[in-house]
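Structural description and commentary
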Amino acid sequence: MLRHIFHIKISPNLLHSIALLRRTYHSEKGVFGHRPRTKRQFKVSEEVLQSRNAQSNVYRWVEAYRKHGHKFANVNPISIKGPQSPLDELNPAFYGLEAKENVKPQGLLNAPELKTTTSTTVDVLELLLKEIYCGNAVSAEFAYIENLEEREWLSKHFEQLKTRSVSNDIRKQIAELLIKSQAWDNFMAIKFPTVKRYGGEGAETLLAFFWQLLRDSVQVDLSHIVVAMSHRGRTALQTIMLNMRPAKIFRKLKGESEFPQDCQAMSDVISHFHTSEDLEIDGKTIHFNMVRNPSHLESGNPVSMGKTRSKQQTLKDGAFNDDNLSMEFSTKVLNVILHGDAAFAGQGVNQECLNMAYVPHYDIGGSLHVLINNQVGFTTPGERGRSTDYASDLAKTIQAPVFHVNGDDPEMLIHVTKLAFDYQRQFRKDVFIDLNCFRRWGHNELDDPTFTNPLVYKIIHTRKSIPDLYTEKLVNESILTTEEALKIRTDYLEYLNAELIAASEYEPEASYFQKQWQHITTASSDYVTYWDTGLDYALLNYIGQQSVSYPDNFKIHPHLRKIHVEARRNKLNAGEKIDWSTAEALAIGSLMYQGNNVRLSGEDVGRGTFSHRHAMLIDQDDNEMYIPLNDLKGGLGGKLEIANSILSEEAVLGFEYGMAIDNPDNLIIWEAQFGDFANGAQIIIDNFIISGETKWMDSNALVMLLPHGYDGAASEHSSCRIERFLQLCDSKETESDGDHVNINIVNPTTPAQYYHVLRRQVLRNFRKPLIVVAPKILLRLPAATSTHVDFQPGTKFQNILPDVTVQPSDVQRVILCSGKHYYALADERKAQQINNSAIIRLESLCPFPLLELQEQLAKYRNAKTFVWSQEEQRNMGAWNFVKPRFENLIGKPLLYCGRVEAPTSATGVGKIHKQEAEEVVRRPFQL
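Residues numbered from 1 in each chain as written. Predicted model: local features only at pLDDT ≥ 70, side-chain atom pairs only at ≥ 80, totals over all residues. Heavy atoms only, no water.

1. What to know about the packing of aromatic side chains
Definition in use: Whether two aromatic rings pair depends on their centres lying within 6.5 Å, for rings of Phe, Tyr and Trp, where Trp uses its six-membered ring; planes under 30 degrees apart make the pair stacked, over 60 edge-to-face, and the rest tilted. A run of H or I in DSSP becomes a helix once it reaches four residues, and a run of E becomes a strand once it reaches two; helices and strands are each numbered from the N terminus. Accessibility here uses a 1.4 Å probe with only protein chains present; expressed as a share of the type maximum, an area under 20% marks a residue as buried, one over 50% as exposed, and anything in between as partly exposed.
Counting across every chain of the model gives 30 aromatic pairs. Aromatic pair Tyr492 and Tyr495: ring centres 5.9 Å apart, planes at 35°, arrangement tilted. Here Tyr495 and Tyr492 lie together in helix α18 (residues 482-502), a separation of three residues that amounts to about one turn. According to the relative accessible area criterion, Tyr492 is buried, its value standing at 5%. Classification of Tyr495 as partly exposed rests on a relative accessible area of 34%.

Dropping the structure here:
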């Protein structure tokens, strides 16, 4: 039977189909922003294989240490647990080996002691294995990695760690950093005893990591490091190594702002300060950027990843390098993420970020991670804060190696940092350092941790600090004298005292609108500006035709050829019935023509949730992707990146925010599959997009497309929660708005309006996030189309669309609405032949279009009734936003018409939905 199975002939067509199934992302050739990872060729040498086969039991035993040795390593500086029970797999007898049995170590273990030895015994080998994999300074986990080359590389370099040395000069430099870190925290505790400063005490060794990282980075000519880091030890790092003046922090602690006096920012706490600094390291310059972090732990991680990718694009690095098509990965920018132990295990955004790590258009060539492992989360011990052995175990989901380091040993951390850095550069993958340390005080310095963790803190409070231990070690080895150590501390304290005195005179410098942002300014607070976003239709027609062009040998889906390609060409040629997706293509393509890059990100965005966009086409024969707009001829060469994302909101939206805050000339668009799902990213929305400029002076023009509309799809496919975004904006209820509002919220009703608002995002001289209440049924509604006239020069986004179908003198009732609800109202008015009611569309909700509204209402001098009509529930939608502004600023009462209050956005009962839909369009004309 087996004989027949092995002789089955596989047809060429079937082989071709199998090859296609192996393709991971619609393209083996690559598209803009993505080049498939080349499969590396690797083989273990025949000599090594022969040695391992000849001594298979010895090799299995060595591999067991590589897999299990970490369980017996003593890398915890404050352990209260007893010794681990013996493991059979580490016992040589388990493999039939005897203590004095001779073995040939070549090809089995890379210990330096065995380099020149042709033979040793099992007991000697066992001592070496225990020293390497079960030591007191470091342990490793990498046996779960499937890639053989990576495992071989890691075992070789980890087993040779002890061959690395640290010069006495470097040891003195590290000691100086640790002494200063301790002095900084001591100084802060004395001068500001009631401040929650989140010091680095117990994790001072972290500075040794950064010392080595910076030197490794300049050696390979990196130009940028982008770092995400939470609050623990942040200010010590910034003041000691990143050129931040302590006077800035002291000024803040005395109640002043960290921004210049003319800045309107509400500011933030010192543990959220960021750094953007050019550092001189070993005669080379490297830019160090530490992104802002809110107290929502780990939420800054995807932001740093997005910012890293944006810098790679700006530098035309890696997959963005058109001159070197073989370049897969960035050679200039590195992402570094520091985690808390409890937060890394507990916050779901970390799983999302790791899952995104190697996804096309989100791949940044791997990140270097460090867990600052305090072994407690607020007051919760590690074993109560996760279901895994290690806080770092999530790293195994992407087969990233993990090095567990004893925080008491800064020299070992230097070695492991070098090893981790080399791995990341070699394989362009994520790698983790689990820095086992402790928190000398509670979650903050005002906490008493002994309430909940008395045994651990009995150890912590009776042991010496890490800087004292390391200084003592160097003194004992005659590398540093006690007097030298004391002078380092004294000199630094004198410097801090001088900075404290200078704080009262210190004037913060503007850290915003610099470098690539220098042509951007703050928005006016007094008025709303209008921007001509129209273009000559001949150019737009050319762009639109290109958006559905494809090579002659490209096999397009026959249905798309008819309903998408041919239909768009006909509409463009006629200049009539231009629909939503066409208008979007015109906006994006025209920005590209003007030299701006555009990125469209989200779930299924290439095709579009509603199969309307088709910005990417897939060859029906070979599965290759083609993006027509990227072959746009003429113009200034902007590119379109289509980033079909993982099924995530928080991490993906954070990633896009990171891209948007880095380069103001790129248009970054994130589209929710349905607007209802945006609440999965509420942390990013609340703490970055909505408030980033107000807290940190970080402007951005990120666009959020949130499909919205009540069409019988029940409560999770109906509402983008307009009311939440309106509540988050800083529009005034009793004053007119200007461009200065924190966000723009629009609910456009025509394709041309959508076109204009997208182009406006980039053409203005300031940047604001744009929330687009995006349509569903309007995508194909015949009434919701535009003509070529709506795009011509001199046209712009209109904050209000007036009613041009009624005689103003006949109007007794004015109905205000927003979004697609307008078309249902217009149909009802026509069906009932109502001539005394005008319908005004509020296309912009924030800023509130007061001036335009006043102008429109002035036409209707006979109007007595004013109604706000919406399809949402009364406690949702724009009602509670519009009502106070209308009544306070217009001075007339406003009636409500819409669905009644409810705890969920929409009914799931079809009959009830139909009744409600009929009621909300009939009632406004009866009030």
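2. Section: unusual backbone geometry
The residue after Cys846, namely Pro847, is reached through a cis peptide bond having omega 5°. In this fold, Pro847 is placed in the loop between β24 (844-846) and α28 (850-857). In this structure, Ser478 is a non-glycine residue whose phi angle is positive, near 60°. By the element assignment, Ser478 lies in the loop between α17 (466-476) and α18.

3. Some points on the sheet that holds strand β8 (residues 367-373)
We apply this condition: Any two strands are treated as partners once DSSP identifies two or more bridges connecting them. Only the stretch in contact is used when a helix axis is fitted, and all axes are lines through C-alpha atoms; the angle between N-to-C directions ranges over 0 to 180 degrees.
Reading across the sheet, the eight strands line up as β3-β11-β12-β8-β7-β4-β6-β5 and stay open at both edges, with mixed pairing between neighbours. Because the sheet does not close on itself, it has two edges, and the strands there are β3 (138-141) and β5 (275-281). Within this sheet the neighbouring strands show an average axis-to-axis angle of 20°, counted without direction. Of the pairings in the sheet, the one linking strand β11 (residues 402-406) to strand β12 (residues 431-436) comprises five bridges and is parallel in character.

4. Here's the deal with the pairing of strand β25 (residues 865-873)
As a reminder of what qualifies: Note on handedness: a clockwise path from strand one over the helix to strand two, with the strands aimed away from the viewer, defines a right-handed crossover.
Here β25 lies mainly inside the structure; nine of its nine residues are buried. One ladder, built from four bridges, connects strand β22 (residues 813-817) with β25; its direction is parallel. Bridging from a neighbouring strand, Ile815 pairs with Val867 of β25. In this sheet, strand β26 (residues 895-899) lies alongside β25 in parallel orientation, the contact comprising four bridges. Bridge pairing links Ser869 to Cys897 in β26. For the crossover that starts at β25, traverses helix α29 (residues 879-890) and ends in the parallel β26, the hand is right-handed.

5. Focus on the environment of Val814
Counted only if it meets this: The contact definition used throughout considers only heavy atoms, calling two residues in contact when any of these lie within 4.5 Å.
With respect to the helices and strands, Val814 occurs in strand β22. Residues Val814 and Arg861, spaced 47 residues apart in sequence, show a C-alpha to C-alpha distance of 11 Å. What Val814 contacts, discounting residues up to four positions off in sequence, is Ala838, Ile840, Leu857, Tyr860, Ala863, Thr865, Phe866 and Val867.

6. Some remarks on the environment of Leu496
Along the chain, the position of Leu496 falls in helix α18. For Leu496, a relative accessible area of 0% puts it in the buried group. Along the primary structure Leu496 and Leu600 are separated by 104 residues, whereas in three dimensions their C-alpha atoms are 48 Å apart. In contact with Leu496, not counting residues within four places along its chain, are Ala183, Trp184, Phe187, Pro246 and Phe250.

7. Some points on the nonpolar core
For clarity, the threshold we go by: Definition of nonpolar core: a set of buried residues of the types Ala, Val, Leu, Ile, Met, Phe, Trp, Tyr and Cys, connected through side-chain atoms within 4.5 Å.
Judged by nonpolar contacts, the single largest core of 109 residues is most densely connected at Phe209 and Met241. In contact with Met241, not counting residues within four places along its chain, are Leu177, Leu207, Phe210, Trp211, Leu214, Ala236 and Leu279. Core analysis: the second largest hydrophobic core is formed by 74 residues, Ile337, Phe655, Ile689 and Leu816 among them.

8. Comments concerning the packing of helix α7 (residues 168-191) against α17
The line we're drawing: Working rule for handedness: look at the near helix, and if it is turned counterclockwise from the far one by less than a right angle, call the crossing left-handed; if clockwise, right-handed. Classification used: nonpolar for Ala, Val, Leu, Ile, Met, Phe, Trp, Tyr, Cys and Pro, charged for Asp, Glu, Lys and Arg, polar for all others including Gly.
Contact geometry of α7 with α17 gives a least axis separation of 9 Å together with a crossing angle of 150°. Crossing hand, α7 versus α17: left-handed. From α7, Arg171, Lys172, Ile174, Ala175, Leu178, Ile179 and Gln182 reach across to α17, where they touch Ile466, Pro467, Asp468, Tyr470, Thr471, Lys473 and Leu474. Looking at the contact of α7 with α17, its residues break down into eight nonpolar, two polar and four charged.

9. Points about the pattern of salt bridges
This is how the line gets drawn: The term salt bridge refers to a pairing of a side-chain nitrogen on Lys or Arg with a carboxyl oxygen on Asp or Glu at a separation within 4 Å.
Inspection of every chain in the model, using the stated rule, returns 47 salt bridges. Across the salt bridge formed by Asp665 and Arg767, the nearest N and O atoms sit 4.0 Å from each other. With Asp665 in the loop between α22 (650-662) and β17 (667-671) and Arg767 in the loop between α26 (751-763) and β20 (770-774), this residue pair connects regions lying 102 residues apart in the sequence. Assessed through its relative accessible area of 3%, Arg767 is described here as buried. Put simply, Glu693 and Lys768 hold a salt bridge, and the shortest N to O gap is 2.8 Å. Of this pair, Glu693 sits in helix α24 (residues 692-696) while Lys768 sits in the loop between α26 and β20, and the two are 75 residues apart along the sequence. For the pair Glu693 and Lys768, one class covers both residues: buried. Because the salt bridges share partners, they merge into one network encompassing Arg171, Glu411, Lys473 and Glu477.

10. With respect to the side chain of His361
Just so we agree on the cut-off: In the analysis that follows, any N or O atom pair within 3.5 Å is treated as a polar contact, provided that within protein one partner can donate a hydrogen and the other can accept it, and provided that, for residues neighboring in sequence, both atoms belong to side chains.
Within the secondary structure layout, His361 lies in the loop between α13 (348-356) and β8. The exposure class assigned to His361 is buried, which follows from its relative accessible area of 1%. In terms of polar contacts, His361 uses its side chain to reach the backbone carbonyl oxygen of Ile642, at 3.4 Å.

11. What about the domain arrangement of the protein?
Heads up, the condition is: For the domains described, the bounds stem from an automatic or database domain assignment. Buried surface area refers to the total accessible area, computed with a probe of radius 1.4 Å, that the two partners give up upon joining, counted for both partners together.
Along its sequence, the protein is carved into domain 1 (168-509), domain 2 (537-791) and domain 3 (800-925). Centre-to-centre, using C-alpha coordinates, domain 1 lies 37 Å away from domain 2. In this assembly, 33 residues from domain 1 lie in contact with 34 residues from domain 2. For the domain 1 and domain 2 pair, buried surface summed over both sides reaches about 2800 Å², with 62% attributable to carbon and sulfur atoms. Counting every contact that joins domain 1 to domain 2 gives 16 residue pairs in polar contact (both at pLDDT 80 or more). Elements represented by at least two residues in the side of domain 1 that touches domain 2 include exactly α11 (300-314) and α13. In terms of residues, the side of domain 1 that touches domain 2 owes the most to one element, α11, which gives eleven residues. Per-class residue counts for the side of domain 1 that touches domain 2 are 15 nonpolar, eleven polar and seven charged.

12. Observations concerning the packing of helix α21 (residues 580-593) against α26
The test is simple: The scheme is simple: roughly parallel for angles under 35 degrees, roughly antiparallel for over 145, roughly perpendicular for 65 to 115, oblique for anything else.
At a closest axis distance of 8 Å, the pairing of α21 and α26 adopts a crossing angle of 20°. One way to sum up the angle between α21 and α26 is to call them roughly parallel. Helix-helix and strand crossings are classified by hand; for α21 and α26 the assignment is right-handed. Across from Trp580, Ala583, Glu584, Leu586, Ala587, Ser590 and Leu591 in α21, the residues of α26 making contact are Pro751, Tyr754, Tyr755, Leu758, Arg759, Val762 and Leu763. Residue classes in the contact of α21 with α26 are distributed as eleven nonpolar, one polar and two charged.

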